[in-house]
Amino acid sequence: MLRTYLIDGQQVAITWIPRQLPPIYTIVAAGVPTTGSVEKTPAGRYLALDGEHRPLGTFQGLRAAVECMIREEQR
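Residues numbered from 1 in each chain as written. Predicted model: local features only at pLDDT ≥ 70, side-chain atom pairs only at ≥ 80, totals over all residues. Heavy atoms only, no water.

### Brief notes about the pairing of strand E5 (residues 37-40)
Within a regular strand, side chains alternate between the sheet's two faces. Of the pairings in the sheet, the one linking strand E3 (residues 24-29) to E5 comprises 2 bridges and is antiparallel in character. Among the inter-strand pairings, Tyr25 is bridged to a residue of E5, identified as Val38. Sheet topology places E5 next to strand E6 (residues 46-49); 4 bridges connect them, and they run antiparallel. Following the sheet pairing, Val38 is matched in E6 by Ala48. The hairpin turn running from E5 into E6, its antiparallel successor, is 5 residues long, and Gly44 in that turn takes a positive phi close to 85°. (Pairing = 2+ DSSP bridges. Helix = DSSP H or I, 4+ residues; strand = E, 2+ residues; numbered from the N terminus.)

Written out as C-alpha cells, the structure is:
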C-alpha cells in the first residue's frame, strides 16, 4: 500500500504491507529512502525508529510519526 504526504515542502511516500505483523512503514522523502522507519504498535499507535531502531517517539497518527522520523534524520 502507498500513502503520500507533503512534509516540510517535500514529497514523502510511505509504503507498507498490510498483512505483515507488525506493519513496518518504509519512507521515501524527496526520492531518497530514509534510514529510519515507523512501526504500528499493538496499541494501534505508531512508533518512530531511527536507523538503529532506537525509539524516537510514539504517536496517535502515522503522519506525526513520519514527521518526527524525517526531522530526526535531517539533524
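### Comments concerning the pattern of salt bridges
Counting across every chain of the model gives 4 salt bridges. Across the pair Asp50 and Arg54 runs a salt bridge whose closest N-O atoms are separated by 2.9 Å. Here Arg63 and Glu67 are joined by a salt bridge, their closest N and O atoms 2.9 Å apart. Of this pair, Arg63 and Glu67 both sit in helix H1 (residues 62-73), 4 residues apart, which is roughly one turn of the helix. Judged by its relative accessible area of 18%, Glu67 is buried. Ionic contacts of the salt-bridge type, sharing partners, join the residues Asp50, Glu52 and Arg54 into one network. (Salt bridge = Lys/Arg side-chain N within 4 Å of Asp/Glu carboxyl O. Buried < 20%, exposed > 50% of the residue type's maximum accessible area, 1.4 Å probe, protein only.)

### What to know about the packing of aromatic side chains
Between two aromatic rings, the relevant description is the distance of the centres plus the angle of the planes. In total, this model carries 2 aromatic pairs according to the counting rule given. Aromatic side chains Trp16 and Tyr25 sit 5.0 Å apart centroid to centroid with 40° between the ring planes, which places their arrangement in the tilted category. With relative accessibility at 4%, the residue Tyr25 sits in the buried group. Each ring, one from Tyr25 and one from Tyr46, has its centre 5.7 Å from the other, and the planes form 75°; the classification is edge-to-face. With Tyr25 in strand E3 and Tyr46 in strand E6, this pair connects stretches of sequence that are 21 residues apart. Considered together, Tyr25 and Tyr46 belong to a single accessibility category, that of buried residues. Chaining the aromatic ring pairs together yields one cluster made of Trp16, Tyr25 and Tyr46. (Phe/Tyr/Trp six-rings, centres within 6.5 Å; stacked < 30°, edge-to-face > 60°.)

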